[in-house]
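# Reading the structure
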Amino acid sequence: MSIPTSANLSPSFSRRSLKDCRWVVFDAVGTLIEPVPRVAVAYHDVGTRLGSRLDLEEVGRRFRLAFRNSETDGFPNGPVAGSMVSSDAIEEARWRWIVGEVFTDVEDRERCFRELWDHFAAHSSWRCFEDVGQAIARLRTAGFQLAVASNFDRRLHPVCDSLPDLNPIELRLVSAEVGYRKPAPEFYAALIDRCACPPNQILMIGDSYEHDVQGPEAAGLRALHLERRQAQSQPNQLRSLFELVEHLV
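Reading the values: rules and limits
Residues numbered from 1 in each chain as written. Predicted model: local features only at pLDDT ≥ 70, side-chain atom pairs only at ≥ 80, totals over all residues. Heavy atoms only, no water. Helix = DSSP H or I, 4+ residues; strand = E, 2+ residues; numbered from the N terminus. Rg over C-alpha atoms; globule rule 2.2 N^0.38 Å. Buried < 20%, exposed > 50% of the residue type's maximum accessible area, 1.4 Å probe, protein only. Areas by Shrake-Rupley, 256 points an atom, 1.4 Å probe, with all protein chains shown as cover. Polar contact = N/O pair within 3.5 Å; in protein donor to acceptor, adjacent residues only side chain to side chain. Contact = heavy atoms within 4.5 Å. 1 Å grid on protein atoms, 1.4 Å probe; cavity = no way out; pocket = protein on both sides within 12 Å on 5 of 7 lines; lining within 4 Å. Points joined across faces, edges and corners; volume = space filled by probe spheres on them. Nonpolar A, V, L, I, M, F, W, Y, C, P; charged D, E, K, R; others polar. Arc of directions from axis to C-beta.

Tallying secondary structure elements over the protein chain gives 11 helices and 8 strands in all. For a compact globule of 249 residues, the expected C-alpha radius of gyration is about 18 Å, and the protein chain comes in at 19 Å, within 12% of that figure. The principal-axis extents of the C-alpha atoms in the protein chain amount to approximately 55 × 35 × 30 Å. Considering the protein chain as a whole, with its 249 residues, one finds that 49% of them fall into the buried category. Split by element, the accessible area of the protein chain, about 11500 Å² in all, is 49% carbon and sulfur.

Structure below.
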């Protein structure tokens, strides 16, 4: 696939001057990688095999609700509601709770959780978006330093290590290891510290406006929102990583 020309860029984006940035930092899930099959399908497959009678649509609805509630209202054995503290143990407790909220009709919920936890730890359960490999290679060749900054746990490392398109990325920041999830200010402070440069020389790219634009900008970073489903780019927004390469390289 060819990289688009500047004619494909929105005027508001093409006028932005980002060439003083030294680091380009990407969110992981939804930005660089996506699950295969999609989350609801994976949950439905495991749940059905273990006795659930929920259909795919209901599994997806329950998952979205439980995921959202886990981030806003807290969960058993996790931090208090609204806290953005993170660790591997907290993330494991969160996902165990989410699975239990989805599959109320499965008798062995611990087995259900464990199978899903292991499923999303496998590199075969993830793939890069089609624009990732070429975009990252071009940015690296152009001299940019590259990083991943993600709300995830220890499972992200083997997943990323197994995807050749991500090999040029030299730094990986994972919330469970930092101790805080995006959009906690402490997460971005840790990122700035690891990049060892002024925050305005760091450009954050991600699909969550709250986590990858508002949070970084509040910490002094530059940020662009990635929205692949958008028909036309809006101010400070990308439709693909090819647009980013066209502007920076």
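Next comes the rest of the account.
Our focus in this paragraph is the side chain of Arg94. Here Arg94 is to be found in helix α4 (residues 88-102). Accessibility expressed as a relative area gives 4% for Arg94, which makes it buried. In terms of polar contacts, Arg94 uses its side chain to reach the side chain of Glu91, at 3.2 Å. Those residues in contact with Arg94, other than ones at most four positions away along the chain, are Phe67, Ser70, Glu71, Phe75 and Arg181.

So, on to the layout of surface pockets. One simple way to see leftover space: roll a probe sized like a water molecule over the atoms. Size it by volume and the largest pocket reaches roughly 1300 Å³. Contributing to the lining of the largest pocket are 49 residues, with Phe67, Glu71, Arg94, Trp95 and Arg181 lying nearest its centre. Contributions of two or more residues to the lining of the largest pocket are made by β2 (33-35), α2 (39-49), α3 (56-72), α4, α5 (109-119) and α10 (209-218). Classifying every residue of the lining of the largest pocket by side-chain character gives 24 nonpolar, 10 polar and 15 charged.

Topologically, Glu246 is positioned in helix α11 (residues 241-248). Using a relative accessible area of 28% as the deciding quantity, one classes Glu246 as partly exposed. Along the primary structure Glu246 and Leu139 are separated by 107 residues, whereas in three dimensions their C-alpha atoms are 9.8 Å apart.

With that settled, consider the side chain of Glu91. Mapped onto the fold, Glu91 is located in helix α4. A relative accessible area of 2% means that Glu91 is categorised as buried. Non-local contacts of Glu91, meaning those with residues more than four positions away in its chain, are made with Ser86, Trp117, Phe152, Asp153, Ala176 and Arg181.

In this section: α5. Within α5, the full set of buried residues consists of Cys112, Phe113, Leu116 and Trp117. Projected down its long axis, α5 carries its buried residues within an arc of 130°, all on one side. Here the buried face of α5 lies against α2 and α4.

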